[in-house]
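Here's the letter readout for the chains.
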Amino acid sequence: MLIERACANDLPAVEALYAEAIDAMRNTPFDIWWEMGMHPTADGLARAQEAGNLFVARDGARMLGAFVLDAREGADYARIPWRVDAAPGAVAALHLLAVAPAARGQGVARALVTAAAEEARHRGAEALRLDVFSNNTPARALYQTLGFADICETDIHVGGGLVHASHLMELDLRGDVAHA
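Asks: Even after reading the chapter, I still don't get helix H4 (residues 137-145), so can you show me in this structure?
Replies: Residues three or four positions apart in an α-helix share a direction because the helix packs 3.6 residues into each turn. For H4, the complete set of buried residues consists of Ala 139, Arg 140, Leu 142 and Tyr 143. Across the axial projection of H4, the buried residues extend over an arc of 160 degrees, all falling on one side. Phi turns positive, to about 100 degrees, at Gly 147, one or two residues after H4.

See below:
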């Protein structure tokens, strides 16, 4: 499996990956409530790709997963009692982590999160932060096995007027390399 920055030619496959992942989780106990065109959007993915913040996992031509890594924290993040007291420029945020349904259970999510932590360190971040819906227990468990602290559960504004109960999680990047 290769994890790398997405190129513009990857965008149609990345959009298809997100649409497939969203459809597979819809109406399950782990429904992430995403809606292609609202969250994520083609324009948002294109902007992330242009900024070098969209990453993909692939096996040959097969798209296995994707994520966005940037410094953009949600507005609700300002009220969270984070453990790492880092300046805003020293924080990375993980967004839109998704794995192709056919690739689930093969270590893709673990590899993506590990790659995100390595990239965040490379960018000089002291902390990697994320939010995950409270009902997404498999994702929360994965993050915790990789060293993320579950800071709190709170309602956050996820866009389009939607508010959802989420766990805010943080990985301290100041020490040793994240667990793999």
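Asks: Would you mind going over the packing of aromatic side chains with me for this structure?
Replies: The geometry of an aromatic ring pair comes down to the distance between the two centres and the angle between the two planes. Tallied over the full model, the rule gives three aromatic pairs. With centroids separated by 5.0 Å and ring planes inclined at 10 degrees, the aromatic side chains of Phe 55 and Phe 67 adopt a geometry described as stacked. Highlighted residues: Phe 55 in strand S2 (residues 54-59) and Phe 67 in strand S3 (residues 62-70), separated in sequence by 12 residues. Given the relative accessible area of 0%, Phe 67 is considered buried.

Asks: What is the right way to look at unusual backbone geometry in this model?
Replies: Negative phi values dominate among residues other than glycine, just as trans dominates among peptide bonds. Backbone geometry at Leu 96 places phi at a positive 55 degrees, although glycine is not the residue there. Examined against the element boundaries, Leu 96 turns out to sit in strand S4 (residues 91-99). By relative accessible area, which is 15% here, Leu 96 ends up buried.

Asks: Would you explain the nonpolar core in this entry?
Replies: Note on soluble globular proteins: their nonpolar side chains tend to be buried together. If you look at the biggest cluster of nonpolar residues, it comprises 46 residues, and the most contacted ones within it are Val 14, Tyr 18, Leu 54, Leu 94, Leu 128, Tyr 143 and Phe 148. Discounting chain neighbours no more than four positions away, the residues touching Leu 54 are Glu 4, Arg 5, Ala 6, Leu 11, Val 14, Tyr 18, Leu 45, Ala 48, Gln 49, Phe 67 and Val 68. Counting seven residues, the second-largest nonpolar core is a separate cluster that includes Ile 80, Trp 82, Ala 149 and Ile 151.

Asks: How should the packing of helix H3 (residues 108-122) against H4 be read in this particular structure?
Replies: How two helices pack is summed up by the angle between their axes together with the distance between the axes. Running from N to C, H3 and H4 cross one another at 50 degrees; their axes reach a closest spacing of 11 Å. One finds that H3 runs oblique with respect to H4. Handedness of the H3/H4 crossing: right-handed. Of the residues in H4, those in contact with Ala 109, Arg 110 and Val 113 of H3 are Leu 142, Tyr 143 and Thr 145. Split into classes, the residues belonging to the contact of H3 with H4 amount to four nonpolar, one polar and one charged.

Asks: What should I look at first to understand the packing of helix H1 (residues 11-25) against helix H2 (residues 42-50) in this one?
Replies: For the pair H1 and H2, the least separation of the axes is 11 Å and the interaxial angle reads 130 degrees. Considered as vectors, H1 and H2 are oriented oblique to each other. Regarding H1 and H2, the two cross each other, and that crossing is right-handed. In contact with Leu 11, Val 14, Glu 15 and Tyr 18 of H1, H2 contributes Ala 42, Leu 45, Ala 46 and Gln 49. Of the residues contributing to the contact of H1 with H2, the split by class is six nonpolar, one polar and one charged.

Asks: Even after reading the chapter, I still don't get the side chain of Arg 58, so can you show me in this structure?
Replies: Examined against the element boundaries, Arg 58 turns out to sit in strand S2. Only 2.9 Å separates the side chain of Arg 58 from the side chain of Glu 4, close enough to count as a polar contact. In this structure Arg 58 touches Met 1, Leu 2, Glu 4, Asp 10, Met 63 and Leu 64, once residues within four positions along its chain are discounted.

Scoring rules and cut-offs
- Residues numbered from 1 in each chain as written.
- Predicted model: local features only at pLDDT ≥ 70, side-chain atom pairs only at ≥ 80, totals over all residues.
- Heavy atoms only, no water.
- Buried < 20%, exposed > 50% of the residue type's maximum accessible area, 1.4 Å probe, protein only.
- Helix = DSSP H or I, 4+ residues; strand = E, 2+ residues; numbered from the N terminus.
- Arc of directions from axis to C-beta.
- Phe/Tyr/Trp six-rings, centres within 6.5 Å; stacked < 30°, edge-to-face > 60°.
- Core = buried A, V, L, I, M, F, W, Y, C linked by side-chain atoms within 4.5 Å.
- Contact = heavy atoms within 4.5 Å.
- Axes fitted to C-alpha atoms, helices over the stretch in contact; angles between N-to-C directions.
- Parallel < 35°, antiparallel > 145°, perpendicular 65-115°, else oblique.
- Left-handed = near helix turned anticlockwise from the far one by under 90°.
- Nonpolar A, V, L, I, M, F, W, Y, C, P; charged D, E, K, R; others polar.
- Polar contact = N/O pair within 3.5 Å; in protein donor to acceptor, adjacent residues only side chain to side chain.

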